[in-house]
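Read off the chains here:
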Amino acid sequence: MAEQSVVPVASFAPLSRSGVVAGLSWAQMVIVAAGVAPTAVRFMGGDLPGGLLQTLWWSLPVVIFGAGSWAGRSYVSRVATLGVFMLRRRLGQTRAVIDPMASRELGRINVPGAVGERVKTLSLVGTRFAGAAFLWDRAAGTATAVLRVATHGWMLADPAVKASRARAFDEMCRALADLAGVVRVVSHARTFPGSRAELDRPGIGSWVDDEYAELLEHPTLGEVLHRDVLIAVTVSKEKVRGEIRAAGGGRAGMSAVLADRIASMLAYLPACGVRTEGAAWLSEAQIRGAVRLAFDPQAASWLAELDGCLPQDAVLTGVVDEKLDHLVTDSAVHKTLWIERWPSTEVPAGYLSELLGGGLFPHVVTQVWEPVPIHKAEVRLRRAESSHSSVARISEKIGRATTSDHDAEARELAQRRQELSLGFGDTKYAGYVTVSAPDLAKLKEAIGYVNTHTGEARLNALRGQQFASFITSLPLGIGPRA
């Protein structure tokens, strides 16, 4: 057990619910005020019986709705999310049928919705990364490069190696704030079905072939699974405008800036356990292939024959039908879960390794890191500290003990304060798990596996937000929902 002690452990504060007053948002405060005001007017007017009656039938229910929450989410946000989904379904915005004969603009990533309208690919020019492309988001003014890498194993690694990788990853996250213009880094740990054909090549050895053939006869292992990691690095044009002009402007300037940031990122990855010697910066056709694979995991076999490249005249998906708690596409059903709460008790580094490297079903574990410069991190921290203190004062006045979540948040705020005082920037993070299956029964089995391999983390089923959340699993540089 002493050997394991070198592996770093950490706990996570709950998602900050800081608001205007005592953790309440503006919308909640308006609803609470609407419940209290009519009753207050009656009392001030001397109508005591009327005020008491209105308190029971109006004020009390409205205040409970406005200020109350369940499982960490306010009733207001839950009702708003459900209401928006019902309205979108009424307006026919939850189903899209793609016309395969429709003309498509060159480079356009034709996924349904606003993302498909604003994101397109441009070829990289003037750099050593031949054939690579980047995604241009005209609405956000950002450019995104997508890398494909492989990682070293974790579960059987020496504890000292695990500790070294964890420290290197921490250093990389801190360095993100110093990479000028980088606004987001997203990793997609993919598990997808593959073709057995590449394993049927001669020269491996007959006894291995026999053993593997017998293994594949098992109904749950009859499909070969492949695993890799895509890393999307997003740069804001506005924040590197000067560098773009100095490098020639336009596409050439943006290409040069992206190439520089990718080189900086690659320098950190080997120490984190990433094999960069085989890393590839995806081309336009490979990006399209990765998106098609997300919508249609069964396309893996024929995409492999094309080196993962999807021709421009091939559709990314034919049908997208969003249900309340899952998504239906041509050949699969999908469900995206948000890691709403990370473990509040100490867990070792790599505690999600079984989820990332296990599971006999297609899935993508998406992790988002957004660097926050020191001056913005200071403002963010002050707001969180103020909200935390106001909740503590109210609890003290009413004689209510603080919760374990409140105490965990206090520890995390103190840690962030110490890091800022040492000159380190801040990094916001978010996590999603997108699971795919051929039918709802298999999807339910896969979700059960996910739930048992995320430890104390709490997963949010994101009801009413499935398509917008599914988009985060695509290597397009899209950030998390607010």
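Residues numbered from 1 in each chain as written. Predicted model: local features only at pLDDT ≥ 70, side-chain atom pairs only at ≥ 80, totals over all residues. Heavy atoms only, no water.

Caption draft 1: How the structure looks around the overall build of the protein. On a plain count of helices and strands, the protein comes out with 15 helices and 17 strands. Summarising the internal contacts of the protein: among those between residues at least 6 apart in sequence, 76% fall at separations of at least 24. Approximately 24500 Å² of the protein is accessible, and the part contributed by carbon and sulfur atoms is 58%. (Helix = DSSP H or I, 4+ residues; strand = E, 2+ residues; numbered from the N terminus. Contact = heavy atoms within 4.5 Å. Areas by Shrake-Rupley, 256 points an atom, 1.4 Å probe, with all protein chains shown as cover.)

Caption draft 2: Broad picture of the packing of helix α2 (residues 48-67) against helix α3 (residues 75-90). With their axes 6 Å apart at the nearest point, α2 and α3 run at an angle of 80° to one another. When the interaxial angle is binned, α2 and α3 end up roughly perpendicular. Side by side, α2 and α3 meet where Ile64, Phe65 and Gly66 of the first sit next to Tyr75, Val76 and Val79 of the second. For the contact of α2 with α3, the class distribution of residues is 5 nonpolar, 1 polar and no charged. (Axes fitted to C-alpha atoms, helices over the stretch in contact; angles between N-to-C directions. Parallel < 35°, antiparallel > 145°, perpendicular 65-115°, else oblique. Nonpolar A, V, L, I, M, F, W, Y, C, P; charged D, E, K, R; others polar.)

Caption draft 3: Layout of the pairing of strand β9 (residues 225-236). For β9, the tally of buried residues reaches 10 of 12 residues, placing the bulk of the element in the interior. Looking at chain direction, strand β7 (residues 142-151) and β9 are connected through 8 bridges and run antiparallel. Paired with Ala145 across the strands is Val233, a residue of β9. Here 11 bridges tie strand β8 (residues 182-193) to β9, and the two strands are oriented antiparallel to one another. If you follow Arg184 over to β9, its bridge partner there is Thr234. (Buried < 20%, exposed > 50% of the residue type's maximum accessible area, 1.4 Å probe, protein only. Pairing = 2+ DSSP bridges.)

Caption draft 4: Structural view of the packing of aromatic side chains. For the coordinates displayed, the defined rule picks out 5 aromatic pairs. Relative to Trp369, the ring of Phe169 has its centre 5.3 Å away and its plane inclined at 65°; by these criteria the two rings are edge-to-face. A residue pair is termed long-range when its members are at least 10 positions apart, and Phe169 in helix α5 (residues 159-176) and Trp369 in strand β15 (residues 363-372) qualify at 200 residues. Judged by relative accessible area, Phe169 falls into the partly exposed class, the value being 31%. Consider the rings of Phe361 and Tyr449, whose centres lie 5.5 Å apart with planes at 75°: the pair is edge-to-face. (Phe/Tyr/Trp six-rings, centres within 6.5 Å; stacked < 30°, edge-to-face > 60°.)

Caption draft 5: Unusual backbone geometry, seen in detail. Of note in the backbone geometry, Asp307 takes a positive phi value of approximately 60° without being a glycine. By the secondary structure assignment, Asp307 is in the loop between α10 (300-305) and β11 (319-322). The class for Asp307 is partly exposed, based on a relative accessible area of 49%. One non-glycine residue with positive phi stands out, namely Leu462, at about 55°. By the element assignment, Leu462 lies in the loop between β17 (458-460) and α15 (466-470). The class of Leu462 is buried, set by a relative accessible area of 5%.

Caption draft 6: The arrangement of the pattern of salt bridges in detail. With the rule as written, the count across this model stands at 14 salt bridges. Salt-bridge contacts for Glu238 lead to Arg241; the nearest nitrogen and oxygen are separated by 2.5 Å. Overall, the relative accessible area of 35% leaves Arg241 in the partly exposed class. In this structure, the salt-bridge partner of Arg288 is Glu284, at a minimum N-O distance of 3.9 Å. With Arg288 and Glu284 both in helix α9 (residues 284-295) and 4 residues apart, the pair spans about one turn of that helix. On the basis of relative accessibility, which here comes to 0%, the residue Arg288 falls in the buried class. (Salt bridge = Lys/Arg side-chain N within 4 Å of Asp/Glu carboxyl O.)

Caption draft 7: Looking closely at the side chain of Thr472. Within the fold, Thr472 resides in the segment after α15. Here the side chain of Thr472 touches Ser469 through a polar contact of 2.5 Å, landing on its backbone oxygen. In this structure, Thr472 is in contact with His188, Thr366, Tyr432 and Gly479, ignoring residues within four places of it in sequence. (Polar contact = N/O pair within 3.5 Å; in protein donor to acceptor, adjacent residues only side chain to side chain.)

Caption draft 8: View of the confidence of the model for the protein. Averaged over the protein, the pLDDT score is 81; the fraction of residues at 70 or greater is 85%. Mean pLDDT per element in the protein: helix α6 (residues 206-216) is the minimum at 47, and strand β12 (residues 327-328) is the maximum at 96. Counting interchain partners and residues more than four positions distant, the pLDDT-below-50 stretch residues 1-5 has 3 contacts. Below pLDDT 50 for its whole length, residues 214-222 participates in 7 contacts with residues either more than four positions away or in separate chains. (pLDDT = per-residue confidence, 0-100.)

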